[in-house]
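A look at the structure
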Amino acid sequence: SLPQRPWSESDRKAHVRAMRGVDLWYAHLNTDVWLFSSLPEGAVPYEDRGWTRFEVAAASMLSSRAEALLDLGKISSPAKVNSWAEVVNLCAVRRPPPALPDAFAA
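Overview of the structure. What you see is a predicted model, and the numbers here were worked out from it, not measured in a lab.

1. A closer look at the overall build of the protein
Looking only at helices and strands, the protein has five helices and two strands in total. Helices and strands in the protein line up, N terminus first, as α-α-β-α-β-α-α. Projected onto its principal axes, the C-alpha positions of the protein cover 45 × 35 × 35 Å. Relative to its 106 residues, the protein shows a buried fraction of 25%. Restricting to contacts in the protein with at least 6 residues of sequence separation, those with at least 24 account for 46%. Summed over all atoms, the accessible surface of the protein reaches about 8,000 Å², with 58% contributed by carbon and sulfur. Separation between the mean location of the 12 positive side-chain charges and that of the 12 negative ones in the protein comes to 5 Å.

2. Focus: the packing of aromatic side chains
What the rule picks out here adds up to two aromatic pairs. Relative to tryptophan 84, the ring of tryptophan 34 has its centre 6.1 Å away and its plane inclined at 40°; by these criteria the two rings are tilted. Placement of the pair is tryptophan 34 in strand β1 (residues 33-35) and tryptophan 84 in helix α4 (residues 84-91), with a sequence separation of 50 residues. On the accessibility criterion, tryptophan 84 (45% relative accessible area) is partly exposed. Note on tryptophan 51 and phenylalanine 54: the rings are 5.1 Å apart at their centroids and 40° apart in plane angle, and the pair reads as tilted. Within this pair, tryptophan 51 and its partner phenylalanine 54 are both found in helix α3 (residues 50-59), separated by three residues, close to a single helical turn. Since its relative accessible area comes to 38%, tryptophan 51 is described here as partly exposed. One Lys or Arg, arginine 5, reaches over the ring of tryptophan 7 and ends 4.4 Å from the middle of that ring.

3. Here we look at the environment of proline 96
Among the structural elements, proline 96 can be located in the loop between α4 and α5 (101-105). On the basis of relative accessible area, proline 96 is assigned to the partly exposed category, the value being 37%. Residues proline 96 and methionine 61 lie 35 residues apart in sequence; the distance between their C-alpha atoms is 9.3 Å. Beyond its immediate chain neighbours, meaning those up to four positions away, proline 96 contacts Val56 and Ser60.

Reading the values: rules and limits
Numbering of residues starts from 1 in each chain and follows the order in which that chain's sequence is written. Local features are withheld for residues below a pLDDT of 70 in this predicted model, meaning they are given only at 70 or higher, and side-chain atom pairs are given and counted only at 80 or more; totals for whole chains, interfaces and linings count all residues. Side-chain figures throughout are based on the complete set of non-hydrogen atoms in the structure, without hydrogens or water. Put simply, DSSP marks the helices as runs of H or I at least four residues long and the strands as runs of E at least two long, and each gets a number from the N terminus on. To sort residues, take the accessible area from a 1.4 Å probe on protein chains only and compare it with the maximum for the residue type: under 20% means buried, over 50% means exposed, and anything in between is partly exposed. Note on contacts: a residue pair qualifies if any of its non-hydrogen atoms lie within 4.5 Å across the two residues. Computed with the Shrake-Rupley method and a 1.4 Å probe, the accessible areas treat only the protein chains shown as cover for residues. Charge convention: Lys and Arg are scored as positive, Asp and Glu as negative, and His as well as the terminal groups of each chain are ignored. Every charge is mapped onto a representative atom, which is NZ of Lys, CZ of Arg, CG of Asp or CD of Glu. Only centres within 6.5 Å qualify two rings of Phe, Tyr or Trp (six-membered ring in Trp) as a pair; their planes then separate them into stacked at under 30 degrees, edge-to-face at over 60, and tilted for everything else. Remark: a charge is flagged as sitting over a ring if the NZ atom of Lys or the CZ atom of Arg is within 6 Å of the ring centre and within 35 degrees of the ring normal.

Structure follows, in structure tokens:
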């Protein structure tokens, strides 16, 4: 996780340095990405946030492993999940279709 704004000068430098490698964070074949789409009531919906849309798009580009991109926000009751296989089955994110030009521009 990166520092959030307002940034100190060292935070700004860390952010710039981290953004240079963001492709490695999400689009590398050996990276697993865990999304947390369950948000508190009143928050901007996960799918309407710019960074989270980027996160899903980048993470779903290359990986073909079901467990490489999981949305752990789909687990409504953690106590009822008894195995990793159940987590993967419940939380695996399918590769979304490309956005239509009008939706992409918004």
